[in-house]
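Topology and contacts: notes
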Amino acid sequence: MTAGNDSVLELLPMVFAAPNDALARAEGLLHTDPTPLHASVAHQVIGIWQRDWGDMRLALDHLRRARDLAARADSAEREADVLATLGVALVHAGRTRQGLAAFERGVERGTGHTRARVLYRRAYSWWVLGHHREALEDVRRAIPVLRQADDVIWTARALTLRATVHLALGAVERAEADFTAAEALWDTTGQEHDKADAVESRGLAAFRSGDVPAALRLLDEAEERYAKLGTPTFMLNIRRCEVLMAAGLAPEARAEADAATAVLDRIGGQSTRKAELLLAAAKAARLAGDPGTAIARAAVAVRLFAGQRRTWWEAHARLVLIDARVAAGRGSGRLVADAVRVAERLSAFGAPAAPEAWLLAGRIALGLDWAADAERYLEVAARSRRSGPPLARMTGWAAQALWARATGSGRGVLEACRRGLDVLDDHRTTLGASELRARATAQGAELAALAQQVTLERGGPRRLLVWSERWRATALSTPPTRPPADPALLSGLTAFRVIAARAEEARMDGRPVPTLEREQRRLEREIRSRTLHIRGHVPGYGGRFDAGRLLDRLGDGRLVELAVLDGRVQVLLCGGGRVRRFAGGLLAEAEREAEYVQSALRRLAHPGGEGRLPLAETAGRRLEELLLGEAAGRLGRGPLVVVPPARLHRVPWALLPSLRERVVSVSPSASAWLRARETEPPLGGRHVLVRGPGLATGGAEVPEVAGRYSRLTVLEQDDAHVTRVLRELDGAALAHIAAHGTFRADSPMFSSLRMADGPLIVHDFERLARSPYRIILSSCDTARLASVGADELLGLVTALLPLGTAGVLASSAPVNDAAVVPLMLGLHKGLGDGLSLAEALRDARAALPGDALHQATGWAFTAFGAA
């Protein structure tokens, strides 16, 4: 390295172009006995590196030495520049007063171009502190000077910062204009870290405008860029947590915040970022239903923000703390006052979160019967319903609905709920991934429940059915957006299958698999991440529910929809031209009984479990009392469709005494049943039989079933690989898959069927142009689904229903391979005679041997849909 001033000063921009190279050069320079001026630059570079990606204590040591050396060199401009860098570090260390004093001194010492750079860094620190107006003033003063000096790098930084401040104030359009201008400048530089930061900032802008898939894609791209530079960035973790929470992925947001906090603590990093990560973790814990953890995290965040003099951030942390305390059952007059103070403070700051605080104050006041106060707070919160991103408008409509409820306007409640759910529907159609669509519905749970309560009190059963359908299984109302022909995604799916197959083989051989499992988890994260980036393109909602059309289509059949209000089941019996309501039992009791039945079925799947049969039958009778009540005696004689809430999807309905001899099918919603009922079978009547590896019977029913069909493709052994299976399934009239099934409660989109070359997963099925008209899953656990969002389900069955499948047969429990064979043979006999899946299943059960093993096998299978 030469000793010239220019070459030494080049180290400073290099920190954000090639950070680790800059660090190494600066450390090398200090070994050459440099002049005080050059040593000042070297220590400043090391201080910046440690400040942003390392130990704050070391950062402050180096920056203080840089300041002292600049003073010794008698360079006012150099001293001003270092003071600005030191000011940022002190603010991030939580020493706000000292940091602001360093900036004051830096502004005094610097002139012209240098002073503009100092003002930019003070503006950045104002943003960190939550002083947005002061930040805008400083950056307003800095930008013209930086532009006049043709300082591309610092002008781009200033524009990026101004855009970020605009976002904090909810001015999305202004932010996007500044981001666009900054990006054009960054393209002319080699500042790779700054470029990554620009991508991250665009991700934040996409999120603020309501585009969650774009936000996730851009944040992932930024992370890849940072990883290449070897520079962790905790601001990215904080922003991604915010997006994950909005996407309904609160547990993941909490895990990311906690992991980042642990890393930050280990390296002795920025105190400011730790406080923000704790706030993110508190929000995520609250959304995940863990108010205790939310209280603990938020309380620490409040203390840290207060000590750092960050009043804007402190107000946000107090909002989460109050909300968590209310969720923990601590509503009180004091909390109302606290919520109002926070709402007033956030309103004064111009923070977009202010309506949430007013809504919270109104909710607490309502709970205390402080009607006048509640109306006043809710009226303020309701003003946000007309503008802003979708979730902000939903906050406003929730406030409007509660306000109408408080004033006794049932019509006003229903109108506000309708408008709010319309906003959610529009938002969901921007999401291409079925998982995001399903999880996003949680945002509308309060509105839907409120509308149902009002309808139960003031409307008839038919209106209650309409509102029950309004929020039930809405993620299935339109097909998910097909994954793009993304080579990286397809490559990831192939690699995942190879690794998963190798891991399964190793387990069967008793060999250790930790390395393979780690690689499998990495590939799963990559596949899921790319899938969540997909943007929806289906305009509008999937169609309004028409109760009259349902009643016409039922004919002499009946449909039972189970709605849950205040923890109790309401039975809506549809048929014979009308809808009737009956009272059921407590949902919690029904869930316990259903879990007990599942346990019994698992035991009955093995020889020697006969003693559990009477216990299972007793539990079935109890389930009938809880789920059907008096409606059990009014079901008529025709076929029955059951529409359970998501939390009861595992009930083996054939075990209920009044349903045992009936034709019964299950549907996630009445709307989904109607769509299945009206789905036309494909032309040609092509049939596909698939036999996967490792079955105890070798899929013994497949050869016998094969003789029943003329247009038939049989895939077995090496032919039963995923690509070939998917190609044959696409558009088939009937598919029968005999394979081991695995349900993944931790990640339902990776629930699978085992093929010759590895697992066939839910993500694979979603690539079909049209799934089979009818599909029989002769496998364990294929009807198991994960309950997510408001009342949504994720799993193999729900992946097929929106893609053209009108009927699915699947098992909600492990089944005995040998006992499945006669059931499947009887089922195909019925289908060959022109019966529906539900009719054929009823007859196949009746023909089974009467022992416990075969009876339990028959009960484990359920017909879904209408074909």
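On a predicted model such as this, the values are computed, not experimentally measured, just so you know.

**Overview of the pattern of salt bridges**
- Applying the stated criterion to the full structure yields 69 salt bridges.
- One salt bridge in this structure joins arginine 310 and glutamate 276, with 2.4 Å as the shortest N-O distance. With a gap of 34 residues between them, arginine 310 in the loop between α17 (291–307) and α18 (311–327) and glutamate 276 in helix α16 (residues 271–287) connect regions that are remote in the sequence. Of the two residues examined, arginine 310 and glutamate 276, each falls in the buried class.
- Overlapping salt bridges bring together Glu415, Arg418, Arg419, Asp422, Asp425, Arg428 and Arg470 as one network.

**Some details on the packing of helix α15 (residues 250–267) against α16**
- One way to put it is that α15 packs onto α16 with a least axis distance of 8 Å and a crossing angle of 155°. One way to sum up the angle between α15 and α16 is to call them roughly antiparallel. Every pair of crossing elements has a handedness; the one defined by α15 and α16 is left-handed. Contact residues: α15 offers Ala250, Ala253, Arg254, Ala257, Asp258, Ala260, Thr261, Leu264 and Asp265, while α16 offers Arg273, Lys274, Leu277, Ala280, Ala281, Ala284, Ala285 and Leu287.
- Along the lines of polarity and charge, the residues of the contact of α15 with α16 split into 11 nonpolar, one polar and five charged.

**Section: helix α12 (residues 192–208)**
- In this model α12 runs 25 Å from its N-terminal to its C-terminal C-alpha over 17 residues, within 8% of the 24 Å that 1.5 Å per residue would give.
- With 13 of 17 residues buried, α12 lies mostly within the body of the structure.
- After α12 finishes, the residue glycine 210 shows a positive phi value of roughly 95°.

**Some details on the packing of helix α11 (residues 172–186) against α12**
- The geometry of α11 relative to α12 is characterised by a closest axis approach of 10 Å and an angle of 160° between their N-to-C directions. The pairing of α11 with α12 is recorded here as roughly antiparallel in orientation. When the axes of α11 and α12 are compared, the crossing they make is left-handed. Residues Val172, Glu176, Phe179, Glu183 and Trp186 of α11 form the contact with α12, whose participating residues are Asp194, Lys195, Ala198, Ser201, Arg202, Ala205 and Arg208.
- Its residues assigned to classes, the contact of α11 with α12 comprises five nonpolar, one polar and six charged.

**Side note on the pairing of strand β8 (residues 734–738)**
- β8 sits mainly inside the fold: five of its five residues count as buried.
- Residues Leu734, His736 and Ala738 point to one face of β8 and Ala735 and Ile737 to the other, with burial holding for every one of them.
- Two strands pair when backbone bridges link them, and strand β6 (residues 687–691) and β8 are joined in this way by five bridges, in the parallel orientation. Bridge pairing in β8 places arginine 691 opposite alanine 738.
- Here β8 pairs with strand β12 (residues 774–778) via five bridges, running parallel.

**Here's the deal with the sheet that holds strand β10 (residues 752–755)**
- The strand order β9-β10-β11 describes an open sheet built from three strands, whose pairing is antiparallel. Single-partner strands in this sheet number two, and they are β9 (741–742) and β11 (758–761).
- As paired elements, β9 and β10 share two bridges and run antiparallel to each other. When the sheet's bridge partners are listed, threonine 742 is paired in β10 with serine 752.
- The strands that helix α27 (residues 487–508) touches are β10 and β11; relative to β11, the one it contacts most, it runs at about 130°.

**Quick word on the environment of glutamate 79**
- Counting through the fold element by element, glutamate 79 comes out in helix α6 (residues 76–92).
- With a relative accessible area of 9%, glutamate 79 lands in the buried category.
- Distance from glutamate 79 to valine 702, taken between C-alpha atoms, is 82 Å for residues 623 residues apart in sequence.
- Discounting residues that sit within four places of it in the chain, glutamate 79 has contacts with Ala70, Ala71, Arg105 and Arg109.

**A word on the environment of proline 213**
- Residue position: proline 213 is located in helix α13 (residues 212–229).
- With a relative accessible area of 0%, proline 213 lands in the buried category.
- For the pair proline 213 and glycine 536, spaced 323 residues apart in sequence, the C-alpha to C-alpha distance is 8.7 Å.
- Proline 213 has contacts with Thr430, Leu431, Leu532, His533, Ile534 and Arg535, leaving out every residue within four places of it along the chain.

Calculation notes
Residues numbered from 1 in each chain as written. Predicted model: local features only at pLDDT ≥ 70, side-chain atom pairs only at ≥ 80, totals over all residues. Heavy atoms only, no water. Salt bridge = Lys/Arg side-chain N within 4 Å of Asp/Glu carboxyl O. Helix = DSSP H or I, 4+ residues; strand = E, 2+ residues; numbered from the N terminus. Buried < 20%, exposed > 50% of the residue type's maximum accessible area, 1.4 Å probe, protein only. Axes fitted to C-alpha atoms, helices over the stretch in contact; angles between N-to-C directions. Parallel < 35°, antiparallel > 145°, perpendicular 65-115°, else oblique. Left-handed = near helix turned anticlockwise from the far one by under 90°. Contact = heavy atoms within 4.5 Å. Nonpolar A, V, L, I, M, F, W, Y, C, P; charged D, E, K, R; others polar. Expected span 1.5 Å × (residues − 1). Pairing = 2+ DSSP bridges.

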